[in-house]
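# Secondary and tertiary structure notes
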Amino acid sequence: MDRVKELVHAGEAYRRGIYGDGIGVAVLDTGIYAAHPDFDHRVAAFCDMLHGRKTPYDDCSHGTHVSSIIGGSGRMSHGRYMGIAPRCRLIHVKVLNEKGNGSKEDVIGGL
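Residues numbered from 1 in each chain as written. Predicted model: local features only at pLDDT ≥ 70, side-chain atom pairs only at ≥ 80, totals over all residues. Heavy atoms only, no water.

## Description of helix α3 (residues 62-71)
Note the threshold: Residue exposure (1.4 Å probe, protein chains only): buried if accessible area is under 20% of the type maximum, exposed if over 50%, otherwise partly exposed. A run of H or I in DSSP becomes a helix once it reaches four residues, and a run of E becomes a strand once it reaches two; helices and strands are each numbered from the N terminus. Arc definition: it is the arc formed by the directions from the helix axis to the C-beta atoms. In what follows, residue pairs with any heavy atoms lying within 4.5 Å of each other are defined as contacts.
When we look at burial in α3, the residues that qualify are G63, T64, S67 and G71. All buried residues of α3 project into a common sector of 95° when viewed along the axis, lining one side. For α3, the elements touching its buried residues are β1 (24-29) and β3 (89-94).

## Overview of the state of the cysteines
Formally: A pair of sulfur atoms, both from cysteines and within 2.5 Å, is called a disulfide here.
Following the criterion strictly, the structure yields 0 disulfides and no others. Unpaired in this structure, C60 has its nearest cysteine sulfur neighbour in C47, at a distance of 18 Å. The closest cysteine sulfur to the non-disulfide-bonded C88 is located on C47, 19 Å from its own sulfur.

Below you can see the structure in the form of structure tokens.
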């Protein structure tokens, strides 16, 4: 995470007070575990293209991992593993199954 933040110059953004406030980021993946404390109730929307479930879930954990890189607050690690935009809102679309597989139709539908 430290190397990625360095590559995208996240430290410079933080020094300028840019943390993703007011930005929504859409993630098309395996879902999201919205109750994780690092998301601070910032999951703005969830759509399940596979099973039509209304409540956010992630049966693979990959989507939650990706969302943490993007927008995790770092709360559970006392800021050590804060995401790139730790105050953004997350819009999650589940288009991949529990094995991380999916179809182009589900991805296109999720867009």
